[in-house]
Amino acid sequence: MKHGKKQNIRKKPCLFCNWAEDLREAQKFLGKNAGEITVKDMAKFRFQTDRDKNRPWKSQFIKANEYFFAVLSQESKIVGHTLIISRDHFSDITDPKLISQGNQFRIAFFDIMTEMAGKLTRLTNDPIPKVYAMSVCEHWSKKELEAAGKSYDTEHLHFHLLPRINAMRTPYPYYLPESMFVRCDVSQAKDDLARTRERIMGACSTKT
Ligand SMILES: [Zn+2]
């Protein structure tokens, strides 16, 4: 059963399904295709319900397509840490429903991953840019476990993208890049996230 159905959301809401539903609402109101929604659209958009104040993802939004959307992570392991989230609910990459997805879905995934990776390399000024990707779809912090048990199912297909900075290039046997993914207790304040997003979108405007 599709996880995002309303009766399930009421019973045990999934955080990312709620965000995807918000995105559908914004898209419908704006009358735009997913790929046309801009950061400015999202900044100006006001949700019709009183849930507007509880939508942190809106200020983290970068871009969307028909099947995925990209947001900055508030728990940034490094500046530019981005989440690529599926708009439909899949538990992780082993979800059998993924097998039956069509080519449009597969292309949309590759497109948003590579496009976002391209944008993120511009944050680092690294002459040999690289972006790391990871998908786990499990959460283990106390806060997340409590949320998963009580209010939100947070295990929804998503991928993490981390732009490499030069300081992460360490010689064997120091696995600094891998260890970046397990950094704990890191986060970016709203203002810092806004600045990161401006840098990403600034980089976009030079391209388009
Ligand atoms: Zn979900």
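Residues numbered from 1 in each chain as written. Predicted model: local features only at pLDDT ≥ 70, side-chain atom pairs only at ≥ 80, totals over all residues.

**Student:** Outline the overall build of the protein chain, listing residues and values.
**Tutor:** Looking only at helices and strands, the protein chain features seven helices and five strands. Along its sequence from the N terminus, the protein chain presents helices and strands in the succession α-α-α-β-β-β-α-β-α-β-α-α. Burial analysis of the protein chain (208 residues in total) assigns 26% to the buried set. Pairs at least 24 residues apart make up 64% of the contacts formed inside the protein chain by residues separated by at least 6 positions. (Helix = DSSP H or I, 4+ residues; strand = E, 2+ residues; numbered from the N terminus. Buried ≥ 20, exposed ≤ 12 C-beta atoms within 10 Å, placed from the backbone. Contact = placed C-beta atoms within 7 Å.)

**Student:** Lay out helix 2 (residues 15–30) with the relevant residues and their values.
**Tutor:** Its 16 residues give helix 2 an end-to-end C-alpha distance of 23 Å, which sits within 8% of 22 Å, the value for a rise of 1.5 Å per residue. Here helix 2 has its buried residues at Phe16, Cys17, Trp19, Ala20, Asp22, Leu23 and Ala26. Gly31, located one to two residues past helix 2, shows a positive phi value of around 65 degrees. (Expected span 1.5 Å × (residues − 1).)

**Student:** An account of helix 4 (residues 103–124) is needed here, citing residue identities and associated values.
**Tutor:** Taking 1.5 Å per residue, 22 residues should reach 32 Å; helix 4 reaches 32 Å between its end C-alpha atoms and fits that length. Among the residues of helix 4, those classed as buried are Ala108, Ile112, Met116, Lys119 and Leu120. In a view along the axis of helix 4, the buried residues occupy a sector of 100 degrees, so they form one face of it. Of the exposed residues in helix 4, the ones pointing more than 90 degrees away from its buried face are Asn103, Arg106, Phe110 and Thr114. (Arc of directions from axis to C-beta.)

**Student:** How would you sum up the pairing of strand 5 (residues 158–163)? Please name residues and give values.
**Tutor:** In terms of burial, strand 5 is a largely internal element, five of the six residues being buried. With four bridges joining them, strand 3 (residues 82–86) and strand 5 adopt antiparallel strand pairing. Within the sheet, the bridge partner assigned to Leu83 lies in strand 5 and is His160. Direction of pairing for strand 4 (residues 131–134) relative to strand 5: antiparallel, over a ladder of four bridges. Looking at strand 5, one finds that Tyr132 is bridged to Leu162. (Pairing = 2+ DSSP bridges.)

**Student:** Summarise the environment of Thr114; cite the residues concerned and give the values.
**Tutor:** In this structure, Thr114 sits in helix 4. According to the C-beta neighbour criterion, Thr114 is exposed, with 11 such atoms within 10 Å. Sequence separation between Thr114 and Val131 is 17 residues, and the spatial gap between their C-alpha atoms is 9.6 Å.

**Student:** Help me get a handle on the nonpolar core, residues and values and all.
**Tutor:** The biggest cluster of nonpolar side chains holds 32 residues, and the ones touching the most others in it are Val71, Ile84 and Ile85. Residue assignment for this core shows that the elements contributing at least two residues are helix 2, strand 1 (61–64), strand 2 (68–72), strand 3, helix 4, strand 5 and helix 7 (190–207). Tallying contributions element by element places helix 2 first for this core, with six residues. When sequence neighbours within four positions are dropped, the list of residues in contact with Ile85 reads Phe16, Trp19, Phe68, Phe69, Val71 and His158. (Core = buried A, V, L, I, M, F, W, Y, C linked by C-beta atoms within 7 Å.)

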